[in-house]
Amino acid sequence: MYSPLGNQRWRQGRAAYRPPEEPIPTADYDVALLPDDTAAKAFVLEHHYSGSYPAARWRFGLCRRGVLQGVAVFSHPCHDRVLTGVFPGRATDSVELGRFVLLDEVPGNGETWFLGRCFHYLRREGLAGVVAFADPCRRLNRQGVPVFGGHVGGIYQAHNGAYLGRGTPRTLTLLPDGGVLSDRAQQKVRSADRGVCYAVALLVRQGAEPPRSAEPRELAPWLRLWKARLCRRVRHQGNHKYAWAVGRRVRLPPGLAYPKQVDP
């Protein structure tokens, strides 16, 4: 993603930047549809700052001489309204760009070229459109060191996305390393639902003592205790929302003026 420092890249959860005018030698790269989550999920979990993976519908890999250099994951959001509020038809007729991560060695304008190839495939699949969100909220770890600089979606702007304003404001629960303990992960712990082991392990890695039991009556107070000891709460003003009409007959309303600065 674009920032005032350049186009944002990732490697093992750390950001780097490339000059936006730097051209990608397209003859050296290929875009491939990935058949399942195996390679895409491993790549995203290793390199993307969120450390999480969405409910994927399509996954694409950016490869240089057979080596994976980037991943685009088109997913279904938690709420259908994210899609049906923008595009006609059913929620399954559109997708969200759930993860978009390129390594630091990919040249500056690699995102728009990669994204264009993905959209070409999704158009052939008959999809109406794509939405994407840019997170402008900077994150600091407990020592005050920036771990995520925030971004306004400059690459989405460069790819002519319609800017639809902000998503819903919310309060983030930040872990000591500056990562987010999502509401979904917290609910998995409270209800001992599928995925609870991952959510518990996340807190244990941050310094929590392992719970004595996996029963909900034990896990809920355990979560309250360690949230209070380890976590901070930060008000988030809402992600920036963008949309593209992929289907040739789909029309979007004129977008708003593009945002240019991350939140203070």
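Scroll up for the structure.
Read on for a plain summary of the structure.

How each quantity is defined
Residues numbered from 1 in each chain as written. Predicted model: local features only at pLDDT ≥ 70, side-chain atom pairs only at ≥ 80, totals over all residues. Heavy atoms only, no water. Buried < 20%, exposed > 50% of the residue type's maximum accessible area, 1.4 Å probe, protein only. Helix = DSSP H or I, 4+ residues; strand = E, 2+ residues; numbered from the N terminus. Pairing = 2+ DSSP bridges. Salt bridge = Lys/Arg side-chain N within 4 Å of Asp/Glu carboxyl O. Core = buried A, V, L, I, M, F, W, Y, C linked by side-chain atoms within 4.5 Å. Contact = heavy atoms within 4.5 Å. Axes fitted to C-alpha atoms, helices over the stretch in contact; angles between N-to-C directions. Parallel < 35°, antiparallel > 145°, perpendicular 65-115°, else oblique. Arc of directions from axis to C-beta.

**Considerations on the pairing of strand β7 (residues 94-102)**
Piece 1. Among the nine residues of β7, nine are classified as buried, and the element is accordingly described as predominantly covered.
Piece 2. Both β7 and strand β8 (residues 129-134) contribute to a ladder of three bridges, which runs parallel. In the sheet register, Glu 96 faces β8, and the bridge partner there is Val 131.

**A look at the pattern of salt bridges**
Piece 1. Under the counting rule described, the total for this entry stands at eight salt bridges.
Piece 2. Between Glu 218 and Arg 212 there is a salt bridge, and its shortest N-O distance comes to 3.8 Å.
Piece 3. Of the residues examined, Glu 218 reaches a relative accessible area of 31% and is grouped as partly exposed.
Piece 4. Note on Arg 212: relative accessible area 80%, which makes it exposed.
Piece 5. Within this structure, Asp 28, Arg 64 and Arg 65 form a network of salt bridges that share partners.

**Let's talk about the nonpolar core**
Piece 1. Core analysis: the biggest nonpolar cluster contains 29 residues, and Phe 60, Phe 74, Leu 97, Leu 122 and Val 130 have the highest contact counts within it.
Piece 2. Those elements that place two or more of their residues in this core are β5 (56-64), β6 (67-75), β7, α3 (110-124), β8, α4 (154-158) and β14 (240-245).
Piece 3. With seven residues, α3 is the single largest residue contributor to this core.
Piece 4. Excluding its chain neighbours within four sequence positions, the residues that come into contact with Phe 60 are Val 31, Ala 32, Leu 33, Leu 34, Gly 70, Val 71, Ala 72, Phe 74, Phe 114, Cys 118, Tyr 121 and Leu 122.

**So, the packing of helix α5 (residues 183-191) against helix α7 (residues 216-230)**
Piece 1. α7 packs onto α5 with a crossing angle of 140 degrees between their chain directions and a minimal axis gap of 6 Å. In terms of their interaxial angle, α5 and α7 are classed as oblique. Across from Gln 186, Val 189, Arg 190 and Ser 191 in α5, the residues of α7 making contact are Pro 216, Leu 219, Trp 222, Leu 223 and Lys 227.

**Quick notes on helix α6 (residues 196-205)**
The periodicity of an α-helix, 3.6 residues per turn, causes residues three or four places apart in sequence to face the same way.
Piece 1. What α6 keeps buried is the set Val 196, Ala 199, Val 200, Leu 202 and Leu 203. When α6 is viewed along its axis, its buried side chains cluster within an angular range of 150 degrees and face the same direction. Relative to its buried face, α6 has exposed residues pointing more than 90 degrees away, namely Cys 197 and Arg 205.
Piece 2. Elements that come into contact with the buried residues of α6 comprise α5 and α7.
Piece 3. Just downstream of α6 lies Gly 207, where phi reads positive at about 120 degrees.

**Here's the deal with the sheet that holds β7**
Piece 1. The sheet built from seven strands is open, its strands ordered β4-β5-β6-β7-β8-β14-β11 with mixed pairing. Each of the sheet's edge strands pairs with one partner strand only, and the pair in question is β4 (29-33) and β11 (162-166). Going across the sheet, the axis of each strand differs from the next one's by a mean of 25 degrees, ignoring polarity.
Piece 2. The strands touched by helix α1 (residues 37-47) are β5, β6 and β7; relative to β6, the strand with the most contacts, the crossing angle is about 100 degrees.
Piece 3. The sheet strands contacting α3 are β4, β5, β6, β7, β8 and β14, and the helix crosses β5 at an angle near 135 degrees.

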